[in-house]
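If you want the building blocks of each chain, they are given just below.
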Amino acid sequence: MKRSRIVMLVMLLAVIPATLLLGLKLPGRSYYLLSALVALEILIPFFMAFEGRKPQPRELVTVAVMSALVTIARVAVPLPSFKPTFAVIMLSGIAFGPETGFIVGALGALGSDFFYGQGPFTPWQMMAYGMAGVLAGIGFAPGRLPRKNWVMGVFCFICTVLFIGPLLDTSTVTIIATTFTWENMLPIYASGLPVNLTQGACSFLTMLLFGNAILEKLERVRTQYGMMETDDDGL
Amino acid sequence: MKREENDAFSRCHPAVGFTFFVGAIGLGAMIMHPAYIAASAVFAVTYYCLLKGARGMKLVALSIPLFLFLTFANPLVNHDGQRVLTYVFGKPYTFEALLYGMVIAGMLIAMILWAGCYNAVMTSDKFMTLFGGMIPTISMLLLMVLRLVPNMLRKIGQLAGARRCIGRGAAENATKKEQAADSLNVLSALMTWALEGGVITADSMKARGYGTERRSSFQIHTLTGQDICLLGTMGVLTVMIVRLIALGGTAANYTPIMEITPVTGRYVWGFAAYCAFLSLPTVLYIKEAVQWHISRSGI
Amino acid sequence: MAHFEIRDLSFTYASAKGRLSLDRVSFDVDKGQYLVLCGKSGSGKTTLLKQLKPVLSPAGKRSGEVLFNGVPVRQLSERDQAAKIGYVMQNPDDQIVTDKVWHELAFGLESLGCDQKTMRARVAEMACYFGIQDWFHRDVANLSGGQKQLLNLASIMAMQPEVLILDEPTSQLDPIAASDFLNTVRKINLELGTTVIITEHRLEDIFPHADRAVVMDGGRVIADDRPRNIGRLLYEQDNPMFTAMPTPVRVFYGSGGSGECPLTVRDGRSWLSEAFPAGAKVKSLPETKNPVEDNEPALIMKELWFRYEKDTPDIMRGVSAEVPTGSLYAIVGGNGAGKSTTLKAICGINRPYRGKIRIFGKPVEKYRSAELFSRCLAMLPQDPKSLFVKKTVREELEEMNSDKARVGEIAALCQVEPLLDSHPYDLSGGEQQRAALAKVLLTEPRLLLLDEPTKGIDSFFKETFAGILAELKAKGITIVMVSHDVEFCARYADMVSMFFDGQILTTDTPRRFFGSNSFYTTAANRMSRHVFTQAVTAEDVIALCRANREGEA
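Residues numbered from 1 in each chain as written. Chains lettered and ligands numbered in written order. Predicted model: local features only at pLDDT ≥ 70, side-chain atom pairs only at ≥ 80, totals over all residues. Heavy atoms only, no water.

**Student:** Lay out the nonpolar core in plain terms, naming residues and giving numbers.
**Tutor:** All names here are of chain B. Membership of the largest hydrophobic core comes to 193 residues, with the highest contact counts inside it found for Phe21 and Trp114. Broken down by element, this core gets its largest block of residues, 14 residues, from helix H6 (residues 136-164). When residues of this core are assigned to domains, at least three fall in each of domain 1 (14-126 + 223-297) and domain 2 (133-207). In contact with Trp114, other than residues within four places in its own chain, are Phe20, Phe21, Ala24, Ile25, Ser40, Phe43, Ala44, Tyr47 and Leu278. (Core = buried A, V, L, I, M, F, W, Y, C linked by side-chain atoms within 4.5 Å. Buried < 20%, exposed > 50% of the residue type's maximum accessible area, 1.4 Å probe, protein only. Helix = DSSP H or I, 4+ residues; strand = E, 2+ residues; numbered from the N terminus. Domains from an automatic or database assignment. Contact = heavy atoms within 4.5 Å.)

Written out as structure tokens, the structure is:
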């Protein structure tokens, strides 16, 4: 087994539960700290896997371009919350596999926070964006879902509205909610819903219009210039 | 010179800044005691204004309504507490919940302001100094992202302009649908452009030996005696504060029964340590200002 | 001892279906030599350069060998390749990896795993040698193109290479930045003894300093000699590369000069003085009436004032001009003077806060956007890539007009028919330029705006491009172009305007315009102004020389 996989298992089975247990003993509103720690602990194995793989410059540059596009996607469309951010991440996940997809998402989040301001939400955002890449990478690994524009669009919409959006809203909960009760959390999730729906719709539209065109572009870089041997076996 | 460069704390080694902000935000999240939160908010406001000048005051002013809103809204969802002030929609509106709301609001604002200071002080190159050696590939990626984003923003302008000049882009009076479709088109063109440029970047990296040896990392920031001194001070203070939290010196409970450990008396050293920690950047700033003033008047 | 020995090197790209890109190339490069490699684009220059640094060489079939210091270069470790063979590419922007100047300088040293002390010393050294101290802490994004390319050079020199390979390093720079850059390269060669192998369009700036010139055509070496002798070889072979030679060389052979060929304007002047010791009898060519000068104006700009932000300085400070219908109207001037801003103002992207623009007699604000950009006005941007959004050139063109016949006509006019099924990014700079022009022309403009159309294009593509422009003019299309390229404007424009300090200062025909300037003018004019008046192109000078000789005979 690869070292990164071992680290991932250790994290999931030992370190994260330990963090949570420790959190029960901490005073105050430590659930923010706790959640940020857990988010960071999820990041570590992915980062280690990427470091360990020693990617070639061409792969690095491509990942950097996609991550930078995640940032750009936040400003490129002049309509509020209608941003193709997740579509960009998920396409990277589909093209390069879940591990690289995670890196694109996480770095996209970190990078854009350098331009729009970092905050307590940064670790959360990195984790959530990264997860978008992982989900798409697993869902569309060779032999799984067909890479058709509409399939990718629907998948992207569902992930955004049901998973990534709520995950990001949860970070808001840990930062501003006074206590962890459904009563407190529901309004936050509810207020997040329209934003998530718009985001989802934009992701859907992007996939529908450009899904395979973008995959082809990534493919072109790969074949034209001979790069990137990924082991996208879907984790 | 930007105001941030004028600040003594910003010119310290990145490790100093990073430790401070992790401490200020992390410890801040663990303490629910009103006096400590007030202290955190006061120091955050002071340092933020020193860093940002008049622009900083604006954000501080904007945060007041947020503070009031969160304070008065909390009792509407949280009905616990003994001293009922009034009834809203048939539910009790309690003093304890109000105070709790105030504490939460204060904490949130302190966090926002500390995050603002963090963004001003911890520029990307400092971040890189800290993590470049630890996670070389990921920091390399981050570097490239930071380099690409301004490039892409400029290119987006060019692409949109070029398309408009052949009558293809969205006109000024375009519908939202047209705008969205056009910006997605631009984004797609941008991607092709960036990927093709990336091939050259990759060649340029290979040409300069990327990946041939274990990468070292050029340190533009050097650790000075003052930095070590500051790190030591912060370390000692942090240990004291953690000890204080473990002893229950910062314990505060609001609902259903209000219990707040007094600041004065046996835990006064803890409060002093907390204030000392948070005041470090401000103290450095003032110290330097005074020194300049003296040396100038001496001339 | 030879630094590089190239022995019978042939190369075929994996995707080229057997067509040789390099055909039995053999030559040596001596230590400390300054070698310039010239040839049309597509002649195999870049392919050859990449073979000298195997980490950059693309996939393909190779035969023959390249020795570096007597050892096959492919056996060199990656570390040695990186440290000993420096390689600067064409595009200043894409070569930069990091976001800070200081970090970019240290990049190569970091890759080689140098320790802090060495890195500090080397970086400091480089910053001083290249004059980078003042912008050492800056973000790369805020540098000018010239500064970026200088940074790329410095970052490579920090590794102290023995050989410096430069692949058209100045093609994306304006003339002043380009000659600064080339001077720095020359300084490195002279002061450090670094071997330099360079490909370049701007032979005027290089030939006088180079030790040797190698000319390639179709993957072969067709001439290899001292620069002074290259002109004669090419002239005798009647090789099209001759048109890329520096003006003095072209004038010298074109007018049948004998003796030692001049390479610089200075030498050219003394050669002309010797050729006409008593002064020339025929001093200037007969004045021809410019047929378009009195045409109705297609575009009128009147007192335009513009600034980007409320509190930034004015970029346009009362720009006024009248462009006659059917003319090729060139606006020349320095970098950042506001030429491109003016073009954008004509397109309505920048709105002047004072002044009037009339296009075909109608104020620009009266046009609806759809009306303006269809059958009326169109602009070819500085970077032709900005227009490409599709996978093939054909799709690009069909995006503009679904009428296949019309697409075919325009493709033929712009000579892009053989390229229709290629990916736009696979084309060379000149081909991209023509494909983009075809796309722009499909809006059927009557007024065509060109922003630096000759940037990064070699002399052959320029000629092709000029031919296309002439055809467009013949169809009555008015062309306004802004350019740094004085030689191109002198040769092909009908009217030339000088843009300076936010204003159009003077406007005249190229002959009168460049003929009355003494610094900002063509090499031909600088070389001949003491003998002839208003001779602004090499062709003018040649014609005058001939006329005088015939007069004597």
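So, next bit.
**Student:** Quick rundown of the interface of chain B and chain A? Include the residues and the values.
**Tutor:** Across the contact, 58 residues belong to chain B and 59 residues belong to chain A. Ranking the residues of chain B by area buried against chain A places B:Leu184, B:Met191 and B:Leu195 at the top, with a combined share of 13%. Linking chain B with chain A are two salt bridges. The residue B:Glu196 makes a salt bridge to A:Arg220 at a minimum N-O spacing of 2.8 Å. Across the contact surface, chain B and chain A share six residue pairs in polar contact (both at pLDDT 80 or more). (Buried area = accessible area lost by both parts, 1.4 Å probe. Salt bridge = Lys/Arg side-chain N within 4 Å of Asp/Glu carboxyl O. Polar contact = N/O pair within 3.5 Å; in protein donor to acceptor, adjacent residues only side chain to side chain.)

**Student:** Before we move on, can you summarise the interface of chain B and chain C with the specific residues and values?
**Tutor:** On the chain C side, the residues contacting the 49 residues of chain B number 64 residues. Interface of chain B and chain C: buried area, both sides summed, is about 4800 Å²; carbon and sulfur atoms make up 59% of it. A per-residue breakdown of the area chain B buries against chain C is headed by B:Arg147, B:Arg208 and B:Phe218, which together make up 19% of the total. Scanning the region where chain B abuts chain C turns up seven salt bridges. Note that B:Arg154 and C:Asp93 form a salt bridge whose closest N and O atoms lie 3.5 Å from each other. Linking chain B with chain C are 24 residue pairs in polar contact (both at pLDDT 80 or more), by the criterion used here. Of all the elements in the fold, those that place two or more residues in the side of chain B that touches chain C are helix H5 (124-131), H6 and helix H7 (176-207) of chain B. The element that contributes the greatest number of residues to the side of chain B that touches chain C is H6(B), accounting for 15 residues. Along the lines of polarity and charge, the residues of the side of chain B that touches chain C split into 19 nonpolar, 15 polar and 15 charged. (Nonpolar A, V, L, I, M, F, W, Y, C, P; charged D, E, K, R; others polar.)

**Student:** Talk me through the sheet that holds strand S12 (residues 316-324) of chain C; I want residue IDs and the actual numbers.
**Tutor:** All names here are of chain C. Spatial strand order, S12-S11-S14-S15: four strands in an open sheet with antiparallel pairing. Each end of this open sheet is capped by a strand with a single partner; those strands are S12 and strand S15 (362-363). When strand S11 (residues 297-306) meets strand S14 (residues 354-359), the two strands line up antiparallel, connected through five bridges. Paired with Leu299 across the strands is Ile359, a residue of S14. (Pairing = 2+ DSSP bridges.)

**Student:** Explain helix H16 (residues 429-441) of chain C to me, and be specific about the residues and the numbers.
**Tutor:** Residues and elements named next belong to chain C. Taking 1.5 Å of rise per residue, the 13 residues of H16 would be expected to cover 18 Å, and the 18 Å separating its terminal C-alpha atoms lies within 8% of that figure. Burial runs high along H16: 11 of the 13 residues are buried. For H16, the full list of buried residues reads Gly430, Gln432, Gln433, Arg434, Ala435, Ala436, Leu437, Ala438, Lys439, Val440 and Leu441. Contacts made by the buried residues of H16 are with strand S16 (377-380), helix H14 (393-400), helix H15 (404-413), strand S17 (447-451) and helix H17 (459-474). (Expected span 1.5 Å × (residues − 1).)

**Student:** Account for the pattern of salt bridges, with residues named and values stated.
**Tutor:** Within this structure, the stated rule accounts for 41 salt bridges over all chains. Between C:Lys462 and C:Asp485 there is a salt bridge; the shortest N-O distance is 2.9 Å. Of this pair, C:Lys462 sits in helix H17 while C:Asp485 sits in the loop between strand S18 (478-483) and helix H18 (486-492), and the two are 23 residues apart along the sequence. Overlapping salt bridges, with partners in common, bring together B:Arg163, B:Asp182, C:Glu396, C:Glu399 and C:Lys439 in one network.

**Student:** Give me the domain arrangement of chain B: which residues, what numbers.
**Tutor:** In terms of domain boundaries, chain B breaks down into domain 1 (14-126 + 223-297) and domain 2 (133-207). Relative placement of domain 1 of chain B and domain 2 of chain B: their C-alpha centres are 40 Å apart.

**Student:** I'd like a description of the sheet that holds strand S9 (residues 212-217) of chain C, backed by residues and values.
**Tutor:** All names here are of chain C. Read across the sheet, six strands follow the order S6-S7-S8-S3-S9-S10 without closing on themselves; strand pairing throughout is mixed. Single-partner strands in this sheet number two, and they are strand S6 (85-88) and strand S10 (220-225). The mean inter-strand angle of the sheet, taken between neighbouring strand axes irrespective of direction, is 15°. Docked against the sheet, helix H9 (residues 227-237) engages S9 and S10, running at close to 130° with respect to S10. (Axes fitted to C-alpha atoms, helices over the stretch in contact; angles between N-to-C directions.)

**Student:** Go over the environment of B:Ile260 with me, naming the residues and quoting the values.
**Tutor:** Positionally, B:Ile260 belongs in strand S4 (residues 259-260). Other than its neighbours up to four places away in sequence, B:Ile260 contacts B:His33, B:Pro34, B:Leu99, B:Ala251, B:Ala252, B:Asn253 and B:Tyr254.

**Student:** Requested: an account of the side chain of C:Ser43, with residues and values cited.
**Tutor:** Residue and element names in this part refer to chain C. Looking at the secondary structure, you find Ser43 in the loop between strand S3 (34-38) and helix H1 (45-51). Taking the relative accessible area as the measure of exposure, Ser43 reaches 2% and is therefore buried. When residues no more than four places from it in sequence are discounted, the contact partners of Ser43 are Ser21, Met216, Asp217, Gly218 and Gly219.

**Student:** How would you explain empty space enclosed by the protein if you had to name every residue and give the values?
**Tutor:** Scanning the entire structure with this criterion turns up nine cavities of 30 Å³ or more. Its volume calculated, the largest cavity comes out at about 140 Å³. A class-by-class count of the residues in the lining of the largest cavity yields seven nonpolar, four polar and three charged. Of the pockets and cavities examined, the second largest cavity occupies roughly 100 Å³. Looking at the second largest cavity, the residues that line it are A:Met66, A:Leu69, A:Ala87, A:Val88, A:Leu91, A:Thr206, A:Phe210, A:Ile214, B:Leu184, B:Leu187, B:Ser188 and B:Met191. For the lining of the second largest cavity, the elements supplying multiple residues, two or more each, are helix H3 (57-76), helix H4 (85-96) and helix H8 (182-224) of chain A together with H7 of chain B. Considering every element that reaches the lining of the second largest cavity, the biggest residue donor is H7(B), with four residues. Considering only residue class, the lining of the second largest cavity consists of 10 nonpolar, two polar and no charged. (1 Å grid on protein atoms, 1.4 Å probe; cavity = no way out; pocket = protein on both sides within 12 Å on 5 of 7 lines; lining within 4 Å. Points joined across faces, edges and corners; volume = space filled by probe spheres on them.)

**Student:** So what about a positive patch on the surface? Which residues, and what values?
**Tutor:** Residue and element names in this part refer to chain C. A cluster of basic residues, Lys302, Lys356, Arg358 and Lys366, forms a positive patch at the surface. You can see Lys366 is positioned in the loop between S15 and helix H13 (369-372). A relative accessible area of 58% means that Lys366 is categorised as exposed. (Patch = residues over 30% accessible without salt bridge, like charges linked within 9 Å, V, L, I, M, F, W, Y side chains within 5 Å. Areas by Shrake-Rupley, 256 points an atom, 1.4 Å probe, with all protein chains shown as cover. Lys, Arg positive; Asp, Glu negative; His and termini not counted. Charge placed at Lys NZ, Arg CZ, Asp CG, Glu CD.)

**Student:** So what about the packing of aromatic side chains? Which residues, and what values?
**Tutor:** The tally for this structure, following the rule as stated, stands at 30 aromatic pairs over all chains. On the basis of an interplanar angle of 85° and a centroid distance of 6.0 Å, the ring pair of B:Phe9 and B:Tyr47 is categorised as edge-to-face. Of the two residues, B:Phe9 sits in the segment before helix H1 (14-30) while B:Tyr47 sits in helix H2 (residues 34-52), which places them 38 residues apart along the sequence. Residue classification places B:Phe9 among the buried residues on the basis of a relative accessible area of 2%. A residue is classified by how much of its surface remains accessible, and B:Tyr47, at 0% relative accessible area, is buried. The interplanar angle of 80° and the centroid separation of 5.2 Å between the aromatic rings of C:Phe11 and C:Tyr13 together place this pair among those described as edge-to-face. (Phe/Tyr/Trp six-rings, centres within 6.5 Å; stacked < 30°, edge-to-face > 60°.)

**Student:** Could you give me a rundown of the pairing of strand S1 (residues 84-88) of chain B, with the residues and numbers involved?
**Tutor:** Residue and element names in this part refer to chain B. Two strands pair when backbone bridges link them, and S1 and strand S2 (residues 91-94) are joined in this way by four bridges, in the antiparallel orientation. Within the sheet, the bridge partner assigned to Thr86 lies in S2 and is Tyr93. Taken together, S1 and the strand that follows it, S2, pair antiparallel across an intervening segment of two residues, in which Phe89 is found at a positive phi of about 50°.

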